[in-house]
Amino acid sequence: MTTPAPKSSPGNFFEDFRLGQSFRHATPRTVTTGDVALNLALTGSRFPVQSAAGFAGSIGLLGAPLDDLLVFHIAIAKTVPDISVNAVANLGYADLRFETRAYPGDTLSTVSEVIGLRPTSDGKAGIVYVRSLTRNQYDETVVSWNRWVMVRKRNESARAPETHVPALPSAVPAEELTVPAGADFSGYDAEAAGSPHLWEDYEVGERIDHIDGMSIGESEHMMATRLYQNAARVHLDRHQAQGSRFGQPLVYGGHVMSLARALSFNGLANAAFIAAINGGRHAAPSFAGDTIYAWSEVLDRQPLPDRADVGALRLRTVATKDRPCSDFPGAEGNDPSVVLDLDYWVLMPRRG
């Protein structure tokens, strides 16, 4: 009797990837107001445009758009079964652009192409570079990005793919940032938003301690990972993790990004949208029980072409675990408490 082919899949390992390989990732996702509510419960984000339909309508939008990072986490989760289900770690991002805003009821689908491959020096894994983009039901690009991830080899003696490290841009030019369609910030209600500080009030080099901390519960970080439909085993399988280097599941790094963004409201309440992520790294793992703090630095402030109502701030947000940020840990170099170092552009109303 012929043994049937296995129906389940262990996912791709490093030696399975090839330069130029393309993936149409499974399971399109329609995002609902229920997802929005659960994401709010898990992050506590308070940015008003994403919190209130009426507030969003006051700046010309048809309703409250989806949280930018919720969109990104769902988008990147689509890639996990093909790209990173056997990951050791997600290492970084570059040239991430939010191009079309998503709203409840939109359906998101993702495709990826392998743009680079590099074996690790110990031969046990390799770095896979991919370019991914997520489209909505109208075939509009919602978000696009590069990322690189360290993936285990199935067989350490297997021949590694040919090495190619792609050249990636260090930043998205401010003039290429996309303002949400229909948005007009000239009537922006800063009092309702909770802060009087607008684009003109921030200076390059200014550092902001976001003060507040948020502790990560085990059920919460796993629920967030499942909300995004991220199937990476390192975040969800406590039994398997007992035999790993850390002995427990890792918190999905994107969830730490969302917590840092939520914490940044205290000091950056009018950073209405994330327009692009220039680069970022998960500097160290986070685990259930860690308390996340954050601080931000203004790296640049740029007007946008033909827009007097809104400008762009380039921010560096650093998140730490179990260390408040009044002295800006990691500002001048490595600090063992730093878990996230993110370089990104936000859109902020101007005084006009």
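As shown above, the structure is provided for reference.
Described below are features of the structure shown in this document. If you're wondering where the values come from, they're calculated on a predicted model, not measured in any experiment.

## Notes on the pattern of salt bridges
So, step 1. This model, assessed by the stated rule, comprises 18 salt bridges.
So, step 2. A salt bridge links aspartate 35 to arginine 29; its shortest N-O distance comes to 3.1 Å. Neither residue differs from the other here; aspartate 35 and arginine 29 are each classed as buried.
So, step 3. With its nearest N and O atoms 2.4 Å apart, the salt bridge here joins arginine 351 to aspartate 201. A residue pair is termed long-range when its members are at least 10 positions apart, and arginine 351 in the segment after β12 (338-349) and aspartate 201 in the loop between α5 (190-193) and β7 (207-209) qualify at 150 residues.
So, step 4. Several salt bridges converge on common partners, so that one network encompasses Asp95, Arg97, Arg131 and Glu176.

## A look at the environment of leucine 133
So, step 1. Residue position: leucine 133 is located in strand β5 (residues 125-135).
So, step 2. Accessibility expressed as a relative area gives 23% for leucine 133, which makes it partly exposed.
So, step 3. Taking C-alpha positions, leucine 133 is 33 Å from glycine 205, a pair spaced 72 residues apart along the chain.

## What to know about the side chain of threonine 43
So, step 1. With respect to the helices and strands, threonine 43 occurs in helix α1 (residues 33-43).
So, step 2. The class of threonine 43 is buried, set by a relative accessible area of 3%.
So, step 3. From its side chain, threonine 43 meets the backbone oxygen of asparagine 39 in a polar contact 2.9 Å long.
So, step 4. In this view, threonine 43 contacts Met214, His255, Ser258, Leu259 and Ala262; residues no more than four positions away in its chain are not counted.

## Some remarks on helix α4 (residues 68-83)
So, step 1. Taking 1.5 Å per residue as the helical rise, α4 with its 16 residues ought to reach 22 Å, and the 22 Å between its terminal C-alpha atoms agrees with that figure.
So, step 2. For α4, the buried fraction is high: 14 of the 16 residues fall into the buried class.
So, step 3. The opening residue of α4 is aspartate 67, an N-cap whose side-chain oxygen sits 2.9 Å from the backbone nitrogen of leucine 69.

## Topic: the environment of glutamate 113
So, step 1. Secondary-structure assignment places glutamate 113 in strand β4 (residues 107-119).
So, step 2. Aside from chain neighbours lying at most four places away, what touches glutamate 113 is Gly20, Gln21, Ser22, Tyr129, Val130 and Arg131.

## Structural notes on the layout of surface pockets
So, step 1. Put simply, the largest pocket is a space of about 890 Å³.
So, step 2. Around the largest pocket, the lining comprises 40 residues; the ones closest to its centre are Ala87, Val88, Ala89, Val234 and Leu250.
So, step 3. For the lining of the largest pocket, the secondary-structure elements that each account for two or more residues are α4, β3 (87-98), β6 (141-152), α7 (233-236), α8 (238-241) and α9 (253-263).
So, step 4. Tallying contributions element by element places β3 first for the lining of the largest pocket, with six residues.
So, step 5. Counted by class, the lining of the largest pocket contains 23 nonpolar, 12 polar and five charged residues.
So, step 6. Estimates place the volume of the second largest pocket at around 260 Å³.
So, step 7. Lining the second largest pocket are 15 residues, with Leu62, Thr100, Arg101, Tyr103 and Ala181 sitting closest to its centre.
So, step 8. Of the residues assigned to the lining of the second largest pocket, the class counts are seven nonpolar, four polar and four charged.

## Digging into empty space enclosed by the protein
So, step 1. Under the criterion given, the structure shown has three cavities of 30 Å³ or more.
So, step 2. Surrounding the largest cavity, Leu69, Met257, Ala260, Arg261, Ile274, Thr317, Leu340, Leu342 and Tyr344 form its lining.
So, step 3. Of all the elements in the fold, those that place two or more residues in the lining of the largest cavity are α9 and β12.
So, step 4. By residue class, the composition of the lining of the largest cavity is seven nonpolar, one polar and one charged.

So, how was this worked out
- Residues numbered from 1 in each chain as written.
- Predicted model: local features only at pLDDT ≥ 70, side-chain atom pairs only at ≥ 80, totals over all residues.
- Heavy atoms only, no water.
- Salt bridge = Lys/Arg side-chain N within 4 Å of Asp/Glu carboxyl O.
- Buried < 20%, exposed > 50% of the residue type's maximum accessible area, 1.4 Å probe, protein only.
- Helix = DSSP H or I, 4+ residues; strand = E, 2+ residues; numbered from the N terminus.
- Polar contact = N/O pair within 3.5 Å; in protein donor to acceptor, adjacent residues only side chain to side chain.
- Contact = heavy atoms within 4.5 Å.
- Expected span 1.5 Å × (residues − 1).
- 1 Å grid on protein atoms, 1.4 Å probe; cavity = no way out; pocket = protein on both sides within 12 Å on 5 of 7 lines; lining within 4 Å.
- Points joined across faces, edges and corners; volume = space filled by probe spheres on them.
- Nonpolar A, V, L, I, M, F, W, Y, C, P; charged D, E, K, R; others polar.

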